[in-house]
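What follows is each chain in one-letter form.
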Amino acid sequence: MQVPVEYEAVVIGSGFGGAVMCARLARRWPGKVLLLERGKEYPLGSFPRSPHGLGDNVWYQPSAEGRGRARRAKPGRKGEQVSTGLFDIRHFDQIDTVTAAGLGGGSLIYANVFLPPPPDVFAERWPAGLDRQTLDPYYAVARSVLGARPIPPWSGPDDRRYIERTVRFREFAKSEGLESRDPDLCVFFGQGYSYEDKAEPTAIGVQEANRFGARQTSCTYCGECDIGCNVHAKNTTDHNYIHAARHRYDARVETEALAERITPLDAQGQPDPQADGSHGYEVVYRQLKNEIDAGTVTVTAQRVVVSAGTLGSNELLLRCRDVEETLPRISPRLGTHFSGNGDFLSFAIDGDKSMDASYGPVITQYTDHHLFTPKPGTPAFVLEDASYPTQVAAAIAALPLQPLARMWWMLKQVIAFVFSPRYPGKKQSSVGHLLERLVKHDLSQYSAVLLCMGRDQANGKLSLKQGWLDIEWPQASNMRLYDSILDLGKRFTKFIGGRKFLPMPTWLWPIKNNVTVHPLGGCAIADSPAEGVVSAAPGRRGQVFGYQGLYVADGSLMPTALGANPCATIAALAEWIAHDITGIAPDDQL
């Protein structure tokens, strides 16, 4: 007789994959699903904004540096202080990564874009029968749940919804013979616009309950999407999937809970690394409450879903297989086919055309450079506009490109005001015109952020180095894509009359590292363990080869780069896997 377990499912991670799985499994087994999230929960207005708060808002484990790294498999030590902030920033050889920790996972800092990749992406290295057509119904459900719609139109430059940089990027695309398109954005523009397909959005800044009962604010166009939305205008997963799981189906949510070990159980309910998972699993997680390591907790479940993001899922499974030796059956393909999704960030600086890049949602359009319209022999990627927070804009404005020339010009304005009786406003004792001249043409107003992503070779490898995650990234074999992106960025800079084109600082000598915010792969979904880590077969969708009831559902499933923002595909795959597990066809009402 099998010993009862505490939960029907433990879900590790709360991003697009984990949130979908939590909601769908909780609907199937109310009150019997546990969600573990390593980061914090962020109520309305709780994302840091002060310089100190932003600088301190990082994920960091002191014990991950220095002592005992090669000997210890466990990443924590009871009683030691940890940092459970929002940004997990890691530096590897030839590539760096920026990911998120918090209830909502990557959705807390993503750029809101819901963009399924073109059908031909699925033609290479994807399992037979798993293609765009198969996933389309699941894309549709996820799009509706996440309230994804294009940015509301505007009537003209005087409309508060007018976004100047969007117009500039559209003009550039036309000049290049490329097409600029408006993607669906997972941003709350009101219940009617985002969830009922109404033409008119709710007024900027007005709060309403969304379809699932979570209270959100109609987007304020503040440009702070990537540092956590303090007005809850982003449709992050804690406002939809997780909200429904918690409040409708009584899922238990534990934040600041870092999963450390997964072990199959035997028929007597005891941990047994030789078992196949048919009797369930033991999950050990570390409590990090109030940024203090409070020790470990052990729970048991019939099934476990690993959705800790590409870095987290690979690190956990590699450690369980190779260090703890609790999951020895996992395919040797674990860690292969890593992709940075072609991510590349650059800047067009100090142009003649106003950009106003700190206003509006972080991305509003994408320019298709042969990702959706393939051209033989041409690298495939998209160019997206990007906003940055006003805090960054203020810092940029204070740093002129030619400081001495700028200071001399400002000094001449002050001298003219003091000594010239004809200086505008002088007779009225007004300094308004002077102040206007002093701040005129600041760098933030006339500079642009260029965000590209495309189809890299997905030929990186994730592994453990001294017990901790490492990435081998063959940058040289992906240079053709990066060079094409750099060339387009230079042409954009010339188009706006920019004085300087600057790739991301880490790309410059001597570091020469790319940065990805969309790490993918490592637990590739496949037809066999010789090709990947996770099964695509009916009845075993998302299940790790060699085990029963052990699943993966996040960006690590991708066997290739997507070239498009990955959240749509992660959510659609999770819906597809959950349908197979529960037998319940997903709908957008949760």
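One can find the structure itself at the top, above this paragraph.
Residues numbered from 1 in each chain as written. Predicted model: local features only at pLDDT ≥ 70, side-chain atom pairs only at ≥ 80, totals over all residues. Heavy atoms only, no water.

### Digging into the overall build of the chain
When helices and strands are tallied, the chain shows 12 helices and 28 strands. A buried classification covers 59% of the 590 residues belonging to the chain. Relative to all contacts within the chain whose residues are 6 or more apart in sequence, the contacts with residues 24 or more apart total 74%. Accessible surface, the chain: about 23100 Å² in total, of which carbon and sulfur atoms supply 53%. (Helix = DSSP H or I, 4+ residues; strand = E, 2+ residues; numbered from the N terminus. Buried < 20%, exposed > 50% of the residue type's maximum accessible area, 1.4 Å probe, protein only. Contact = heavy atoms within 4.5 Å. Areas by Shrake-Rupley, 256 points an atom, 1.4 Å probe, with all protein chains shown as cover.)

### Focus on the environment of Arg 540
Here Arg 540 lies in the loop between strand S27 (534-535) and strand S28 (550-552). Residue classification places Arg 540 among the partly exposed positions, given a relative accessible area of 45%. Taking the C-alpha atoms as reference, Arg 540 lies 9.8 Å from Leu 550; in sequence the two are 10 residues apart. Residues contacting Arg 540, with those up to four places away along its chain left out, are Ser 535 and Asp 580.

### Concerning unusual backbone geometry
The peptide bond linking Trp 509 to Pro 510 adopts the cis configuration, its omega dihedral lying at 10 degrees. Positive phi values are uncommon outside glycine, yet Ala 458 reaches one of about 50 degrees. Mapped onto the elements of the fold, Ala 458 is located in the loop between strand S20 (448-454) and strand S21 (460-465). Exposure remark for Ala 458: the relative accessible area of 2% places this residue in the buried category. One non-glycine residue, Gln 466, lies in the positive phi region at around 55 degrees.

### Some remarks on the state of the cysteines
Evaluation of the coordinates by the stated rule reveals 0 disulfides. Not part of a disulfide, Cys 567 finds its nearest cysteine sulfur in Cys 186, a span of 5.1 Å. Of the residues examined, Cys 567 reaches a relative accessible area of 6% and is grouped as buried. (Disulfide = S-S within 2.5 Å.)

### Some remarks on the sheet that holds strand S22 (residues 468-472)
Across the sheet, which stays open at both edges, the 4 strands sit in the order S22-S21-S16-S25 with antiparallel pairing between neighbours. The open sheet has two edge strands, S22 and strand S25 (520-522), and neither has a second partner. Each adjacent strand pair in this sheet contributes to an overall mean axis angle of 40 degrees, direction not counted. Examined bridge by bridge, S21 and S22 share 5 bridges and lie antiparallel to one another. Each residue of the ladder has a partner; that of Leu 462, found in S22, is Ile 471. Relative to the sheet, helix H7 (residues 309-322) contacts strand S16 (336-339), S21, S22 and S25, its axis offset from that of S21 by approximately 50 degrees. (Pairing = 2+ DSSP bridges. Axes fitted to C-alpha atoms, helices over the stretch in contact; angles between N-to-C directions.)

### Examining the packing of helix H1 (residues 16-28) against helix H12 (residues 567-582)
Relative placement of two packed helices is described by the angle separating their axes and the distance separating the axes. At a minimum axis separation of 8 Å, H1 and H12 run at an interaxial angle of 25 degrees. Comparing their axes, H12 and H1 come out roughly parallel. Here H1 runs over H12; the crossing is right-handed. In this structure, H1 contributes Phe 16, Gly 17, Val 20, Met 21, Arg 24, Leu 25 and Arg 28 to the contact, and H12 contributes Cys 567, Ile 570, Ala 571, Ala 574, Glu 575, Ile 577, Ala 578, Ile 581 and Thr 582. (Parallel < 35°, antiparallel > 145°, perpendicular 65-115°, else oblique. Left-handed = near helix turned anticlockwise from the far one by under 90°.)

### Some words on the pairing of strand S18 (residues 366-369)
Looking along a regular strand, one sees side chains alternate from face to face of the sheet. Of the two faces of S18, the one lined by Tyr 366 and Asp 368 and the one lined by Thr 367 and His 369 are each fully buried. Direction of pairing for strand S8 (residues 179-181) relative to S18: antiparallel, over a ladder of 3 bridges. Bridge pairing links Glu 179 to Asp 368 in S18. The pairing of S18 with strand S19 (residues 381-386) spans 4 bridges and is classified as antiparallel. The partner of Asp 368 across the bridge, within S19, is Val 382.

### Quick look at the packing of aromatic side chains
All told, the structure shown has 16 aromatic pairs when counted by the stated rule. When the ring of Phe 344 is compared with that of Tyr 482, the centres are 5.7 Å apart and the planes differ by 40 degrees; the resulting orientation is tilted. Of this pair, Phe 344 sits in strand S17 (residues 344-349) while Tyr 482 sits in helix H11 (residues 479-495), and the two are 138 residues apart along the sequence. Neither Phe 344 nor Tyr 482 differs from the other in exposure class; each is buried. Arranged with centres 5.6 Å apart and planes meeting at 80 degrees, the rings of Tyr 482 and Trp 507 form a pair that is edge-to-face. Taken as a pair, Tyr 482 in helix H11 and Trp 507 in the loop between strand S23 (500-503) and strand S24 (514-516) lie far apart in primary sequence, 25 residues in all. (Phe/Tyr/Trp six-rings, centres within 6.5 Å; stacked < 30°, edge-to-face > 60°.)

### What about the pattern of salt bridges?
With the rule as written, the count across this model stands at 29 salt bridges. Of the charged contacts, one joins Arg 90 and Asp 88 as a salt bridge, the two residues approaching to 3.0 Å between their closest N and O atoms. With a relative accessible area of 2%, Asp 88 lands in the buried category. Between Glu 324 and Arg 261 there is a salt bridge, and its shortest N-O distance comes to 3.9 Å. Taken together, the residues span a long stretch of sequence, with Glu 324 in the loop between H7 and S16 and Arg 261 in strand S13 (residues 257-264) at a distance of 63 residues. The exposure class of Glu 324 is partly exposed, given its relative accessible area of 23%. Among the charged side chains, a network of salt bridges with common partners joins Arg 38, Asp 88, Arg 90, Glu 315 and Arg 319. (Salt bridge = Lys/Arg side-chain N within 4 Å of Asp/Glu carboxyl O.)

### A few points about the sheet that holds S17
Read across the open sheet, the 6 strands follow the order S8-S18-S19-S20-S17-S23; overall the sheet is antiparallel. Two strands bound the open sheet, and with one partner strand each, they are S8 and S23. When the angles between neighbouring strand axes are averaged without regard to direction, this sheet yields 25 degrees. Contacting S8, S18, S19 and S20, helix H4 (residues 164-175) crosses the sheet at an angle of about 150 degrees to S19.

### Some points on the packing of helix H3 (residues 132-145) against H12
Here H3 crosses H12 at 105 degrees, and the two axes come no closer than 8 Å. If you check the angle between H3 and H12, you find them roughly perpendicular. Taking contact as the criterion, the partners of Thr 134, Leu 135, Tyr 138, Tyr 139, Val 141 and Ala 142 in H3 are, on H12, Ala 568, Thr 569, Ala 571, Ala 572, Leu 573, Glu 575, Trp 576 and His 579. Classifying every residue of the contact of H3 with H12 by side-chain character gives 10 nonpolar, 3 polar and 1 charged. (Nonpolar A, V, L, I, M, F, W, Y, C, P; charged D, E, K, R; others polar.)

### Details of H11
For H11, built from 17 residues, the straight-helix expectation of 24 Å at 1.5 Å per residue is met to within 8% by its first-to-last C-alpha distance of 24 Å. Taken together, the buried positions of H11 are occupied by Leu 481, Tyr 482, Ser 484, Ile 485, Leu 486, Leu 488, Gly 489, Phe 492 and Thr 493. Positive phi appears at Gly 497, one or two residues downstream of H11, with a value of about 75 degrees. (Expected span 1.5 Å × (residues − 1).)

### Quick look at the side chain of Thr 569
Looking at the secondary structure, you find Thr 569 in helix H12. Among all residues touching Thr 569, those that are not within four sequence positions of it are Pro 117, Trp 126, Tyr 139, Met 558 and Leu 562.

### With respect to the pairing of strand S5 (residues 87-91)
In terms of strand pairing, S5 meets strand S6 (residues 95-100) through 5 bridges, oriented antiparallel. Opposite Phe 87, over in S6, you have Ala 100 as the bridge partner. If you look at the hairpin formed by S5 and S6, you'll find 3 residues sitting between the two strands, and Gln 94 has a positive phi there, around 75 degrees.

The quantities given are spatial measurements derived from coordinates; they are silent on function.
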